[in-house]
Amino acid sequence: IEHYAAYWDFEDNMKFTERMFDYFLKKMLGSTKVKVKDRDGNEVEVDFKTPWPRVNFTEIIEKDCGIDVLKCDKAQDLLKEIKAKNIVIEGAEKLGYGNLVDHLYKKVSRPKLIQPTFVIHHPISTKPLARKNDKDERLADTFQLLVNTWEVINAYSEIVDPMDQRERFEKQALAKVQGDEDAMMMNEEYLTAMEHGMPCMSGWGMGIDRLVT
């Protein structure tokens, strides 16, 4: 399920998410505590009581494996650091920088996130449609809701600057040509629509399958 909200940013969508979960869990279950199965089939208790903690994407990776992904800003440099730490990522040599960062996070950090947690401010190379952060242009105004190691929600402030979006698409297209199958393609129709003008907005998507299981 997805929505886009004009004149919202990612902070507004985080507040909306907390209100939504608080409402429907109390309405359906009468409690914010839920017992679920982890990836190994073991029972764990998850407490959705708000507010949920927020952790910075790049900081949690550095804490968990000692790699500062913002300093290793090229795929070959990051791959060298990953190998030096004896971290194994299948097919890493074919990944562009953004997807390599994402795979590193999924390897070293995501498995540790059990209680509801907002992971925020991903590098812009991992979120080609998300708005740059005003304080640090290397990061995007993003969040993911992690519950029991699953990414239940993915959301961000949308890019509404066509020049910025074109530059991101060009980098993604280059990564795809170089073998990164997960990279995005150029989308001229979307760029044309953006050139005509878009309000600031935030997009939000939730995996219903991950929520109900």
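The coordinates are above.
Nothing here was measured: the structure is a model prediction, and the numbers come from that model.

1. What about the nonpolar core?
The tendency in soluble globular proteins is for nonpolar side chains to be buried side by side.
And then number 1: By size, the foremost hydrophobic cluster in this structure holds 23 residues, and its most contacted members are I61, L78 and L104.
And then number 2: Listed by contribution, the elements that provide at least two residues to this core are helix 2 (57-65), helix 3 (75-84) and helix 4 (97-108).
And then number 3: No other element matches helix 4, which puts six residues into this core.
And then number 4: Excluding anything up to four places from it in sequence, I61 contacts G66, I67, V69, V101, L104, Y105 and S109.

2. A word on the packing of helix 2 against helix 4
Two measures define how a pair of helices packs: the angle their axes make with one another and the distance between the axes.
And then number 1: Packing of helix 2 against helix 4 leaves a shortest axis separation of 10 Å and a crossing angle of 55°. The angle between helix 2 and helix 4 falls in the class oblique. Helix 2 and helix 4 meet at a crossing whose hand is left-handed. Residues F57, I61, D64 and C65 of helix 2 pack against V101, D102, L104, Y105 and V108 of helix 4.
And then number 2: Here the residues of the contact of helix 2 with helix 4 sort into seven nonpolar, no polar and two charged.

3. Quick notes on the pairing of strand 6 (residues 142-147)
And then number 1: Across the six residues of strand 6, six count as buried, placing the element largely inside the fold.
And then number 2: Because side chains alternate across strand 6, one face comprises the buried residues T142, Q144 and L146, and the other comprises F143, L145 and V147, equally buried.
And then number 3: As defined by bridge partners, strand 6 adjoins strand 7 (residues 150-157) across six bridges and the pair is classed as antiparallel. Paired with T142 across the bridge in strand 7 is Y156.
And then number 4: Connecting the antiparallel pair strand 6 and strand 7 is a turn made up of two residues, with N148 showing a positive phi of about 55°.

4. Topic: a nonpolar patch on the surface
And then number 1: Together, I1, I208 and V212 make up an exposed nonpolar region whose accessible area comes to about 300 Å².
And then number 2: On the accessibility criterion, I1 (59% relative accessible area) is exposed.

5. Digging into the layout of surface pockets
Regions of empty space are outlined by a rolling probe, equal in size to a water molecule, passed over the atoms.
And then number 1: Taken as a whole, the largest pocket holds about 970 Å³ of empty space.
And then number 2: Taken together, 35 residues line the largest pocket, and the ones lying closest to its centre are G98, I124, S125, T126 and Q172.
And then number 3: Only helix 4, strand 7 and helix 5 (162-177) provide two or more residues apiece to the lining of the largest pocket.
And then number 4: Broken down by element, the lining of the largest pocket gets its largest block of residues, six residues, from helix 4.
And then number 5: Residues that form the lining of the largest pocket fall into these classes: twelve nonpolar, eleven polar and twelve charged.
And then number 6: Taken as a whole, the second largest pocket holds about 410 Å³ of empty space.
And then number 7: If you trace the second largest pocket, you find 19 residues lining it, with V34, V36, R210, L211 and V212 closest to the centre.
And then number 8: Going through the elements one at a time, helix 1 (10-28), strand 2 (33-37), strand 7 and helix 7 (208-212) are the ones with two or more residues in the lining of the second largest pocket.
And then number 9: For the lining of the second largest pocket, the leading source of residues is helix 1, giving four residues.
And then number 10: The class makeup of the residues in the lining of the second largest pocket is 13 nonpolar, two polar and four charged.

6. Considering the environment of D64
And then number 1: Structurally, D64 is set in helix 2.
And then number 2: Classification of D64 by relative accessible area gives buried; the value is 18%.
And then number 3: D64 sits 89 residues away from I153 along the chain, and the two C-alpha atoms are 22 Å apart.
And then number 4: Setting aside chain neighbours within four positions, we find D64 in contact with V108, S109 and K112.

7. Topic: the sheet that holds strand 1 (residues 2-6)
And then number 1: Spatially, the six strands line up as an open sheet ordered 1-8-7-6-5-4, and their pairing is mixed. Both outer strands of the open sheet, strand 1 and strand 4 (54-56), are each paired with one neighbouring strand and no more. This sheet shows a mean twist of 20° between the axes of neighbouring strands, independent of strand direction.
And then number 2: Pairing between strand 1 and strand 8 (residues 201-206): five bridges, direction antiparallel. Paired with E2 across the strands is G205, a residue of strand 8.
And then number 3: Packed onto the sheet, helix 1 meets strand 1, strand 4, strand 5 (117-120), strand 6, strand 7 and strand 8 and runs at close to 40° relative to strand 8.

About the criteria used
Residues numbered from 1 in each chain as written. Predicted model: local features only at pLDDT ≥ 70, side-chain atom pairs only at ≥ 80, totals over all residues. Heavy atoms only, no water. Core = buried A, V, L, I, M, F, W, Y, C linked by side-chain atoms within 4.5 Å. Buried < 20%, exposed > 50% of the residue type's maximum accessible area, 1.4 Å probe, protein only. Helix = DSSP H or I, 4+ residues; strand = E, 2+ residues; numbered from the N terminus. Contact = heavy atoms within 4.5 Å. Axes fitted to C-alpha atoms, helices over the stretch in contact; angles between N-to-C directions. Parallel < 35°, antiparallel > 145°, perpendicular 65-115°, else oblique. Left-handed = near helix turned anticlockwise from the far one by under 90°. Nonpolar A, V, L, I, M, F, W, Y, C, P; charged D, E, K, R; others polar. Pairing = 2+ DSSP bridges. Patch = residues over 30% accessible without salt bridge, like charges linked within 9 Å, V, L, I, M, F, W, Y side chains within 5 Å. Areas by Shrake-Rupley, 256 points an atom, 1.4 Å probe, with all protein chains shown as cover. Salt bridge = Lys/Arg side-chain N within 4 Å of Asp/Glu carboxyl O. 1 Å grid on protein atoms, 1.4 Å probe; cavity = no way out; pocket = protein on both sides within 12 Å on 5 of 7 lines; lining within 4 Å. Points joined across faces, edges and corners; volume = space filled by probe spheres on them.

Just geometry here; none of it tells us what the structure is for.
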